[in-house]
Amino acid sequence: MRPLVRSADNPILTTMDIPPMPPDIRDPSSVFNPGAVRWGDRYMLMLRVQTRGRRTRLVMAESGNGREFTVWREPVHIPGLDSVGETVHHVYDPRLTALDDGFVVMFAADTESGCRLGTARTRDFRTFELLGLGEHPDIRNGVVFPARFGGSYLRLDRPNRSLEPGEPPSGDAICVSESPDLVNWEPRGEVMRGRPRYWDERIGAGPPPVRTRHGWLLVYHGIATHFGSVNIYQAGVALLDLEDPLRVVGRSRDNVLEPRKMYELVGQVPNVVFPSGMIVDDVDDEGFATDESKLRLYYGAADSTVCLATGTVGGLLSAVDRA
Ligand code: BMA
């Protein structure tokens, strides 16, 4: 049985669902790669909306059932982003983590000096506090763990190392960084590498990992680059040690989601499923997801729309091959 089933309503969000927000957002080009988190009885998405000027804006959407979303009428405003000392051209691919009675947003920020990882905090998704843009010269796919480790915060990230001349910078290793305050991050080591020639040659973390009794359940994206004219973006799973997430307990040999539907095969960037948000309903008294816990995985399809796939935590765990 496949561990993930696509929603029959896919794509669950398209540009038709984005209300005009002049002067920026009018008849936008695409909406994709959302962060996701549960807020009380609401399912919240932070959408990446791309205007026809190919500028990116973040926009909130909310839902009572995790499938039908209402898009808020004002884009997210993170004060201070315009005075960080260099021009931020785009902010995109936000990951949302519930932490310390609030929510942390980690997003990619394209600047002249490369892609940085911005961090902001909110309690209500209306007002945001910018914590910083980090120091690493070129890094992406930053994802904060929804827990502290002996007082420290940990994140997964993916340093960019340009692998092909002339191509946008990318990377082939998911790493861990540690921070005392969510502002200053120190690299701690490498978690796993891409597997040359297979489905996940280049990799990056997807949504924030989910805590289970077996370990941290991580959905990540893998890119197959050996098909000549097009890169194929897929999703797979890994299980990381609960106490020491630098240690990989297991990893799926195969992907668990790959472009097959027309909305994944065709669009602004063809052949892309990009997992970026996951909401797990029901955790036990100590905050662990159980094998029966239902999950909703939100992903961008072909850099054009937002899609949903559902499953259980146990189903995804069964896709993990032991290391
Ligand atoms: C990656 C990121 C994602 C995007 C993907 C496919 O490098 O830029 O935002 O969805 O490429 O184009």
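Everything numeric here is computed off the predicted structure, so don't read it as measured data. (Residues numbered from 1 in each chain as written. Predicted model: local features only at pLDDT ≥ 70, side-chain atom pairs only at ≥ 80, totals over all residues. Heavy atoms only, no water.)

(A) Seen up close, the overall build of the protein chain. What the protein chain contains, in helices and strands, is 2 helices and 22 strands. Whereas a compact globule of 323 residues would reach a radius of gyration of roughly 20 Å, the protein chain reaches 18 Å, a difference of no more than 12%. Taken along its principal axes, the extent of the C-alpha atoms in the protein chain is 50 × 45 × 45 Å. Counting over 323 residues, the protein chain shows a buried share of 57%. Restricting to contacts in the protein chain with at least 6 residues of sequence separation, those with at least 24 account for 52%. Of the roughly 14,100 Å² that the protein chain leaves accessible, carbon and sulfur atoms contribute 48%. A gap of 4 Å separates the mean positions of the 37 positive and 44 negative side-chain charges of the protein chain. (Helix = DSSP H or I, 4+ residues; strand = E, 2+ residues; numbered from the N terminus. Rg over C-alpha atoms; globule rule 2.2 N^0.38 Å. Buried < 20%, exposed > 50% of the residue type's maximum accessible area, 1.4 Å probe, protein only. Contact = heavy atoms within 4.5 Å. Areas by Shrake-Rupley, 256 points an atom, 1.4 Å probe, with all protein chains shown as cover. Lys, Arg positive; Asp, Glu negative; His and termini not counted. Charge placed at Lys NZ, Arg CZ, Asp CG, Glu CD.)

(B) Fine view of the sheet that holds strand β20 (residues 294-301). Overall, antiparallel pairing links the 4 strands, which are arranged β1-β21-β20-β19 in an open sheet. Sheet topology places β1 (5-6) and β19 (273-280) at the edges, where each strand pairs with a single neighbour. In this sheet, β20 lies alongside β19 in antiparallel orientation, the contact comprising 7 bridges. Residue P275 lies in a different strand from β20, and its bridge partner there is Y299. (Pairing = 2+ DSSP bridges.)

(C) Spatial organisation of the site of the ligand. Looking at the ligand, the residues that line it are N33, R48, D93, R140, Y233, V269, V272, F274 and D303. With respect to the ligand, the side chain of D93 contributes an N or O atom lying 2.5 Å from an oxygen atom. Relative to its free-state accessible area of 310 Å², the ligand is covered by the protein chains to the extent of 82%. (Near = heavy atom within 4 Å. Polar contact = N/O pair within 3.5 Å; in protein donor to acceptor, adjacent residues only side chain to side chain.)

(D) Geometry of the nonpolar core. Counting residues in hydrophobic clusters, the biggest one holds 26 residues, and the most contacted among them are L4, V237, M278, L295, Y299 and L316. Counting only elements with at least two residues in this core, the list comes to β16 (215-224), β17 (232-240), β19, β20, β21 (305-312) and α2 (313-317). Tallying contributions element by element places β20 first for this core, with 4 residues. Setting aside chain neighbours within four positions, we find V237 in contact with L217, L218, V219, Y220, R251, S252, V256, L316, A319 and V320. (Core = buried A, V, L, I, M, F, W, Y, C linked by side-chain atoms within 4.5 Å.)

(E) Fine view of the layout of surface pockets. Estimates place the volume of the largest pocket at around 700 Å³. Along the walls of the largest pocket sit 30 residues, with Y92, R140, P168, Y233 and D303 positioned nearest its centre. Elements supplying a minimum of two residues to the lining of the largest pocket: β2 (30-39), β3 (42-50), β6 (88-99), β8 (114-122), β10 (139-149) and β16. Among the elements that line the lining of the largest pocket, the one with the most residues is β6, at 3 residues. Considered class by class, the residues forming the lining of the largest pocket number 10 nonpolar, 11 polar and 9 charged. (1 Å grid on protein atoms, 1.4 Å probe; cavity = no way out; pocket = protein on both sides within 12 Å on 5 of 7 lines; lining within 4 Å. Points joined across faces, edges and corners; volume = space filled by probe spheres on them. Nonpolar A, V, L, I, M, F, W, Y, C, P; charged D, E, K, R; others polar.)

(F) View of the packing of aromatic side chains. Taken as a whole, this structure holds 8 aromatic pairs when the rule is applied. Aromatic side chains F103 and F125 sit 4.8 Å apart centroid to centroid with 35° between the ring planes, which places their arrangement in the tilted category. Taken together, the residues F103 in strand β7 (residues 102-111) and F125 in the loop between β8 and β9 (128-132) connect sequence positions 22 residues apart. A residue is classified by how much of its surface remains accessible, and F103, at 7% relative accessible area, is buried. When the centroid spacing of 5.5 Å and the interplanar angle of 85° are considered together, the rings of F145 and F149 count as edge-to-face. Across the pair, F149 and F145 agree in class, each one buried. A connected cluster of aromatic rings, assembled from ring pairs, spans W39, F103 and F125. (Phe/Tyr/Trp six-rings, centres within 6.5 Å; stacked < 30°, edge-to-face > 60°.)

(G) Inspection of the pattern of salt bridges at higher detail. This model, assessed by the stated rule, comprises 25 salt bridges. Notably, a salt bridge pairs D172 with R193, separated by 3.9 Å at the nearest N-O pair. Residue D172 is found in the loop between β11 (152-159) and β12 (173-179), and its partner R193 is found in strand β13 (residues 186-193); the two are separated by 21 residues along the sequence. Salt bridges sharing common partners tie together R161, D172, E190 and R193. (Salt bridge = Lys/Arg side-chain N within 4 Å of Asp/Glu carboxyl O.)

(H) A look at the sheet that holds β7. Read across the sheet, 4 strands follow the order β6-β7-β8-β9 without closing on themselves; strand pairing throughout is antiparallel. A strand with exactly one partner marks an edge of an open sheet, and here the two such strands are β6 and β9. Put simply, the sheet's adjacent strands are angled 30° from each other on average, direction ignored. As judged from the 4 bridges shared by β8 and β9, these two strands associate in the antiparallel manner. If you follow R121 over to β9, its bridge partner there is E129. (Axes fitted to C-alpha atoms, helices over the stretch in contact; angles between N-to-C directions.)

(I) Main features of the side chain of T305. Position of T305 relative to the elements: it lies in strand β21. Its relative accessible area of 11% is what places T305 among the buried residues. The residues contacting T305, other than those within four sequence positions of it, are P11, L13, T14, V31, F32, Y299 and G300.

(J) Focus on the state of the cysteines. For the structure shown, the criterion picks out 0 disulfides. Here C115 stays unpaired: no disulfide links it, and the sulfur of C175, its closest cysteine neighbor, is 15 Å away. (Disulfide = S-S within 2.5 Å.)

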